Amino acid sequence: MSRLDLNTWRILKTFFYYQRFWNAVKISTSYFLSKLGNKTYVWGLPYSIAIEPTTACNLRCPHCPSGLKIFNRDTGKISVENFEKYVDDIHKTTAYLTLYFQGEPYLNPRFYDLVKYARKKRLFVATSTNAHFLDKKRAAKTIDSGINQLIISIDGLSQETFEKYRLEGHLDKVIEGTKNLVEAKRKAQNSQTHIIWQFIVFAHNEHEVNAVKKEARRIGVDEVRIKSAQIYDDGNSADWLPEDPKYRRYDVDGEKLQLKASMTSHCKRLWTNPVVTWDGNVVPCCFDKDAEHQLGNLDDKTFKEIWSGKGYKDFRTKIKGGRKNIDICSNCSEGLKVWL
């Protein structure tokens, strides 16, 4: 079995509990029936949830709200106590936890404790990092935490291409951090951590796609993901687009970018992939980066109460009326014609 297949199998295993499995069947069925018909059905709860460790970040990426410091919401980090309360609330039906939304997870000093608690509840835990804090000690603690999947952002194989997008970043730290993780995983022997390099393709690094795959194999990375860039239109955005259209999330109409995704009247994320911000707000999906569409707060209500509440019902109805009129859907990859 390949490392990729093994990781997929580990994800599937987290559904092998009666309540989670039956919940996944119910919520998936209700989504497909809602997609096909005029009525909105919601049977069950989401099987995948993201919880945000922090909004703070050490980099200044030009197409990231966290890096640009353009949030209207507060910067902060989740407490262990609140995290445990949220996980206790959702773990019976949730199988997959993304311990990331905005910010750099390792800037929450209790990050390892968050992972350990979620793993204790038998959740598949994944996160995404810029890998600038993965010295040997932190790499060992990461592997020891039992985290299942770790995505490392590496958008260049020279400092020149890397720092074009990862402003204030250092490629040597990313390479070193990756090597530290691979070594810590090797020493642990029975570690299940799946290490991924994620390469976002821009005009300036397009020529390095094949090279990054080769370098990943040399270092011992388990998987490489090539990803199209999400770009905020600022008048010069087309300059970021790679030449090869298969790496583009957008078409260019004059000087404006046009998303390739079809604006359908449904969205699976509204049934399966909500996000909880560091301060407990539940938002529809990961494209609501500024948490503008708050549907409830877990400090006031249970997740089930929020999921079945008026805010969620109204938002799903709005989606059925057409995604093109919803701001966070205007730059969403759901329904994208080209998947990498």
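Higher on the page you've got the structure.
Residues numbered from 1 in each chain as written. Predicted model: local features only at pLDDT ≥ 70, side-chain atom pairs only at ≥ 80, totals over all residues. Heavy atoms only, no water.

## Things to note about the packing of helix 6 (residues 136-145) against helix 8 (residues 171-188)
Closest axis-to-axis distance for the helix 6/helix 8 pair is 8 Å, and the angle between their directions is 50 degrees. Looking at the two axes, helix 6 sits oblique to helix 8. Of the two possible hands of crossing, helix 6 and helix 8 adopt the one that is right-handed. Seen from helix 6, the contacting residues are K136, A139, A140, T142 and I143; seen from helix 8, they are N180, L181, A184, K185 and A188. (Axes fitted to C-alpha atoms, helices over the stretch in contact; angles between N-to-C directions. Helix = DSSP H or I, 4+ residues; strand = E, 2+ residues; numbered from the N terminus. Parallel < 35°, antiparallel > 145°, perpendicular 65-115°, else oblique. Left-handed = near helix turned anticlockwise from the far one by under 90°. Contact = heavy atoms within 4.5 Å.)

## Remarks on helix 6
For an α-helix, the turn length of 3.6 residues means that residues three or four places apart are oriented alike. Among the residues of helix 6, those classed as buried are A139, T142, I143 and S145. Down the axis of helix 6, the sector holding all buried residues measures 160 degrees, keeping them to one side. Seen from the open side of helix 6, the exposed residues pointing more than 90 degrees away from its buried face are K136, K137 and D144. Buried residues in helix 6 make contact with helix 5 (111-120), strand 4 (149-153) and helix 8. (Buried < 20%, exposed > 50% of the residue type's maximum accessible area, 1.4 Å probe, protein only. Arc of directions from axis to C-beta.)

## Description of unusual backbone geometry
Of note, the phi angle at A131 is positive, near 65 degrees, even though the residue is not glycine. Among the secondary structure elements, A131 is positioned in the loop between strand 3 (124-129) and helix 6. Phi angles above zero are rare outside glycine, and E168 is one such case at about 70 degrees. The topology assignment puts E168 in the loop between helix 7 (159-165) and helix 8.

## Thoughts on the side chain of T14
Mapped onto the elements, T14 comes out in the loop between helix 1 (3-13) and helix 2 (18-36). If we skip the residues at most four places from it in the chain, T14 touches R20, A95, R122, L123 and F124.

## Digging into the packing of aromatic side chains
Considering all chains together, one arrives at 14 aromatic pairs under this definition. The interplanar angle of 70 degrees and the centroid separation of 6.0 Å between the aromatic rings of F111 and Y112 together place this pair among those described as edge-to-face. This pair shows no difference in class: F111 is buried, exactly as Y112 is. Site record: aromatic cluster; members linked through ring pairs are Y31, F32 and W271. Against the face of W307 rests R316, its NZ or CZ located 4.5 Å from the ring centre. (Phe/Tyr/Trp six-rings, centres within 6.5 Å; stacked < 30°, edge-to-face > 60°. Lys NZ or Arg CZ within 6 Å of the ring centre and 35° of its normal.)

## Comments concerning a nonpolar patch on the surface
Judged by side-chain polarity, L6, W9, L12 and F16 come together as a nonpolar surface patch covering roughly 380 Å² of accessible area. Here W9 is to be found in helix 1. Assessed through its relative accessible area of 39%, W9 is described here as partly exposed. (Patch = residues over 30% accessible without salt bridge, like charges linked within 9 Å, V, L, I, M, F, W, Y side chains within 5 Å. Areas by Shrake-Rupley, 256 points an atom, 1.4 Å probe, with all protein chains shown as cover. Salt bridge = Lys/Arg side-chain N within 4 Å of Asp/Glu carboxyl O.)

## Considerations on the nonpolar core
In terms of nonpolar packing, the biggest core is built from 72 residues, with I51, F83, I152, L181, W197 and F303 touching the most fellow members. Apart from residues no more than four positions distant in its own chain, I152 is found in contact with T129, A131, V174, T178, L181, I195, I196, W197 and Q198. (Core = buried A, V, L, I, M, F, W, Y, C linked by side-chain atoms within 4.5 Å.)

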